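Geometric and topological summary
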Amino acid sequence: MRHVISILMENESGALSRVAGLFSARGYNIESLTVAPTDDATLSRMTIVTNGTERVVEQITKQLNKLVSVAKLTDLTEVPFIEREIMLVKVRAVDAGREEIKRLCDIFRGKILDVTDASYVVELTGDDHKLRAFLDTVGGDNVIEVARSGATGIARGDKSLKV
Amino acid sequence: MQRLLSTGTYHRCSTPIGLLYFDEEFKVELSGGELLMEALKEEGVELVFGYPGGAVLHIYDALYQQNSVKHILVRHEQSATHAADGYARATGKPGVVLVTSGPGATNAVTGIATAFMDSIPMVVISGQVQSRFIGSDAFQEVDCVGITRPCVKHNFLVESLETMADTIKQAFHVATTGRPGPVVIDIPKDFTTPGVTVPFEYPKTVEMRSYSPPTQGHPGQIRKAVDLILSAKQPVIYSGGGVVLGNASEQLRAFTRELGYPITQTLMGLGAYPASDKQNIGMLGMHGTYEANIAMHECDVLIAIGARFDDRVTGEIDSFCPNAKIVHIDIDPASISKNVTVDVPIVGDVGMVLTAMLEQIKASEKRADPADIASWWSRINEWQSDKCLDYQLDDKLIKPQAVVEALWRETKGDAYITSDVGQHQMWAAQYYGFDNPNRWINSGGLGTMGFGLPAAIGVALAKPDATVACITGEASIQMCIQELSTCLQYSTPVKIICLNNRYMGMVRQWQEFAYEKRYSHSYMDALPDFIKLTEAYGHVGMNIENPNDVEGALAEAFAMKDRLVFMNFVTDQSENVYPMIEAGKGHHEMRLNPARELA
Ligand SMILES: Cc1ncc(C[n+]2csc(CCOP(=O)(O)OP(=O)(O)O)c2C)c(N)n1
Ligand SMILES: [Mg+2]
């Protein structure tokens, strides 16, 4: 199963490599990993999307929690949550295709950021499912380049990840 | 300039009070090197095992000018870590290591990993190149924090002289609390420059928001566990190294005796419960006793205490304790349900949890049906009557098992025994019945050959009045043999019991069983004359070839209380370690000693 895990960790040099090293040393999957400081500059928030059986994911959360630099952890997939990722995609846009892509952009609530006579750069926000749906609809032949940020997420309602 | 002057004062004064230079807040001004020494003193560190070099020259200079911390100069940084490790295992206090940057740090890695795998509290201080040179491939630069990251509990690169005291405090705190482990502090050389000082005050407490090890177990879980334990028909207590590390031997004994259940201990847990006690059914696992492993296979309730279900213990996981409900007490949540799914996990300090459980058991009316327990014991007694550890004596060849038994008699079962890795290690574990914790000191997790001698140095320095023996093999001992020199310098009268079978016996045994006796590179050719070698290092060497000489030689060697004696026992080359669970087999599929019936 796919899990989205968010952690708050001490914002110190090497913190990222502790997490990355843990995943490679223990053979866990990382689908994506994002990290940035929070409102509290001493803390970074990291969101990891991983895949594994329940047993493996339980180990992943325990091993992450065990890292001395990790202050708090939540498996967002266990609660109602919002997942967002930003994708910048350069698509072929010629002839009738130009109108079609623009229409798709509207449907997916994307933004066209750059235009040439043969291509658009589209910005799209959503969860993994939506971003992939957009790429599928545009069609592999029309996709020139994809830059995805990796997912970040937050729980719905009152629950919060705070130290 | 100002700073230089203040240090000038520091170095010229000889009385302790004269060392003090006060700033406005009346704190002592110290350089990084001096600060480190003061911090070690505050932490109660008596011994530091180390080896100097460029990046730690300032620190060694500060070390030279104080006398509360004693430094032990080893002959290789690997030995510094093993010696500190042995010190820690014997005392329960953190072992402290000091090495230089680059090769000093990389040499220490084997010992750090050894300590990590066995959860030994250790603080390793490594020098680093000057902070402005980090990342420039400077002379003797390695990314020590990067290299050690996967084999430490935590590590720090000191960021400034100002934060150094806090970092040291945190390092000791992390190393010694929760599930213990090694912590590395990497100190750039410029933070230890003489004359560059900060006001020093060692933090009294430590607060780390991201680190709070558990203590008490969850009361609900404890209740559930007690319920299950008291309704068992065929229970087994399986205790591990966590009991030794958690200093919970007393609690384990009280708990086990109250219940009257059989107890088996892991390689790392030996001694926490007395081997000579009738409830003890021996070690379990790959070279555990027949009765312990069969009891594991047959039990209906397994009570795992400070043990981690290591693959050498469980055998083939699919056939592990097929009928058991499992209670697991451990301080590390990540140990729980890692290899084997358990029914009642309890996260907490083993001593505290055992105390809480024992109170509940005593308060409870409920007891397991005595008839069930009696018939369980009679089955176990039947398995015991198989005498799986019996072996056949020979009148020409020395049997290694017999040497260990004779050593037990000579030392009245009360020595500190370190060991290396191989057959001799297993024979030591099987035939030296440990009645007390912290006495059996071996590298169980990483299985590091070379551990035994330096670890024995650490033990001998920690326990100057104790008897210390290192049970080793002729291959293992050569991995850190240079420490014989350290032994001379610090007069550590270790007795080296070398079970010399002219083979990497454990490797040869596997090749005999699984590779049709193709003994690929397991033969120890061109062995040195260990007696001459020992003598060259200034110690006593003894050669023992006749089974009838074993007792007398041991008596003679142990009578030399203040000498290191290297006892080279020329043993039967063909002897194997039995019983054995081979790869892919379960607890109920043991290979037993074919010579057993003849014994
Ligand atoms: C550093 C290291 N290298 C290799 C091994 C693999 N190994 C395990 S036991 C062993 C042989 C040990 O031989 P010896 O010390 O003579 O002990 P014996 O088994 O003969 O008692 C070897 C090579 C190891 N455990 N550690
Ligand atoms: Mg050998």
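All names here are of chain B. Taken together, Glu474 (OE), Glu474 (OE), Asn501 (OD1) and Tyr503 (O) make up the full set of protein donors to the magnesium ion (ligand 2), lying 2.1 to 2.5 Å away. Here the magnesium ion (ligand 2) binds six donor atoms, and the angle range of 52 to 177° at the metal identifies the geometry as irregular. Along the chain, the residues donating to the magnesium ion (ligand 2) are arranged with the sequence spacing E-x26-N-x1-Y. Highlighted residues: Glu474 in the loop between strand E17 (468–473) and helix H18 (484–489) and Asn501 in the loop between strand E18 (495–500) and helix H19 (505–514), separated in sequence by 27 residues. For Asn501, a relative accessible area of 6% corresponds to the buried category.

Under the counting rule described, the total for this entry stands at 14 aromatic pairs over all chains. Here Phe23 of chain A and Tyr28 of chain A contribute two aromatic rings whose centre-to-centre distance is 5.7 Å and whose plane-to-plane angle is 80°, an arrangement assigned as edge-to-face. Given a relative accessible area of 1%, Phe23 of chain A falls into the buried group. For the pair Trp376 of chain B and Trp383 of chain B, a centre-to-centre distance of 5.8 Å together with 85° between the ring planes defines the contact as edge-to-face. The same class applies to Trp376 of chain B as to Trp383 of chain B, namely buried. Taken together, the ring pairs connect Tyr238, Phe309 and Phe320 of chain B into an aromatic cluster. When the ring centre of Tyr503 of chain B is taken as origin, the NZ or CZ atom of Arg508 of chain B, which lies over that ring, is 5.4 Å away. Directly above the ring of Phe513 of chain B sits Arg591 of chain B, whose terminal nitrogen or CZ lies 3.7 Å from the centroid.

With that settled, the discussion passes to the sheet that holds strand E11 (residues 280–283) of chain B. Residues and elements named next belong to chain B. Pairing is parallel in the open sheet, where six strands are placed in the order E11-E10-E9-E12-E13-E14. One side of each edge strand has no neighbouring strand; the edge strands of this open sheet are E11 and strand E14 (344–347). Here the average twist between neighbouring strands, direction ignored, is 15°. As defined by bridge partners, strand E12 (residues 301–305) adjoins strand E13 (residues 325–330) across five bridges and the pair is classed as parallel. When the bridges of E13 are listed, Ile305 appears paired with Ile329.

For the rest of this paragraph, the subject is the pattern of salt bridges. Taken as a whole and judged by the stated rule, the model has 31 salt bridges over all chains. The partner of Asp332 of chain B in a salt bridge is Lys66 of chain A, with the nearest N and O atoms 2.6 Å apart. Of this pair, Asp332 of chain B sits in the loop between E13 and E14 while Lys66 of chain A sits in helix H2 (residues 54–66), which puts the two residues in different chains. On the basis of relative accessibility, which here comes to 4%, the residue Asp332 of chain B falls in the buried class. Measuring nitrogen to oxygen at the nearest pair gives 3.2 Å for the salt bridge that ties Arg257 of chain B to Asp277 of chain B. Separated by 20 residues along the polypeptide, Arg257 of chain B in helix H10 (residues 249–259) and Asp277 of chain B in the loop between strand E10 (263–265) and E11 bring together distant segments of the chain. Connected through salt bridges with shared partners, the residues Glu85, Asp128, Arg132 and Arg148 of chain A form a single ionic network.

We now examine the confidence of the model for chain B. All names here are of chain B. Taken over all residues, the pLDDT of chain B has a mean of 94, while the share at 70 or more is 95%. Predicted confidence for residues 1–20 stays below pLDDT 50, and this span has 17 contacts to residues more than four positions away or in other chains. Scoring the predicted complex yields pTM 0.95 and, for the interface, ipTM 0.93.

This part covers the site of ligand 1. Residue and element names in this part refer to chain B. Taken together, 17 residues lie near ligand 1, and Gln423, Gly447, Ser476, Tyr503 and Gly505 sit nearest. Within the side chain of His424, one N or O atom sits 2.9 Å away from an oxygen atom of ligand 1. Notes on ligand 1: free accessible area 590 Å², of which the protein chains cover 76%. For the shell around ligand 1, the element with the highest residue contribution is H19, accounting for three residues. A breakdown of the residues in the shell around ligand 1 according to their chemical character gives eight nonpolar, eight polar and one charged.

Between chain B and chain A, the residue contacts involve 19 residues of the former and 20 residues of the latter. Carbon and sulfur atoms make up 42% of the surface buried where chain B meets chain A, a total of about 1,600 Å² over both sides. For chain B, the biggest contributors to the area lost against chain A are Arg149, Arg209 and Ser210 of chain B; these three give 41% of the whole. Our enumeration of links across chain B and chain A arrives at three salt bridges. Our count for the chain B to chain A interface comes out at eleven residue pairs in polar contact (both at pLDDT 80 or more).

Basis of the calculations
- Residues numbered from 1 in each chain as written.
- Chains lettered and ligands numbered in written order.
- Predicted model: local features only at pLDDT ≥ 70, side-chain atom pairs only at ≥ 80, totals over all residues.
- Heavy atoms only, no water.
- Donors = N, O, S within 2.8 Å, 3.2 Å for Na, K, Ca; no water.
- Tetrahedral: all angles 85-135°; square planar, octahedral: opposite > 155°, others 65-115°.
- Helix = DSSP H or I, 4+ residues; strand = E, 2+ residues; numbered from the N terminus.
- Buried < 20%, exposed > 50% of the residue type's maximum accessible area, 1.4 Å probe, protein only.
- Phe/Tyr/Trp six-rings, centres within 6.5 Å; stacked < 30°, edge-to-face > 60°.
- Lys NZ or Arg CZ within 6 Å of the ring centre and 35° of its normal.
- Pairing = 2+ DSSP bridges.
- Axes fitted to C-alpha atoms, helices over the stretch in contact; angles between N-to-C directions.
- Salt bridge = Lys/Arg side-chain N within 4 Å of Asp/Glu carboxyl O.
- pLDDT = per-residue confidence, 0-100.
- Contact = heavy atoms within 4.5 Å.
- Near = heavy atom within 4 Å.
- Polar contact = N/O pair within 3.5 Å; in protein donor to acceptor, adjacent residues only side chain to side chain.
- Areas by Shrake-Rupley, 256 points an atom, 1.4 Å probe, with all protein chains shown as cover.
- Nonpolar A, V, L, I, M, F, W, Y, C, P; charged D, E, K, R; others polar.
- Buried area = accessible area lost by both parts, 1.4 Å probe.

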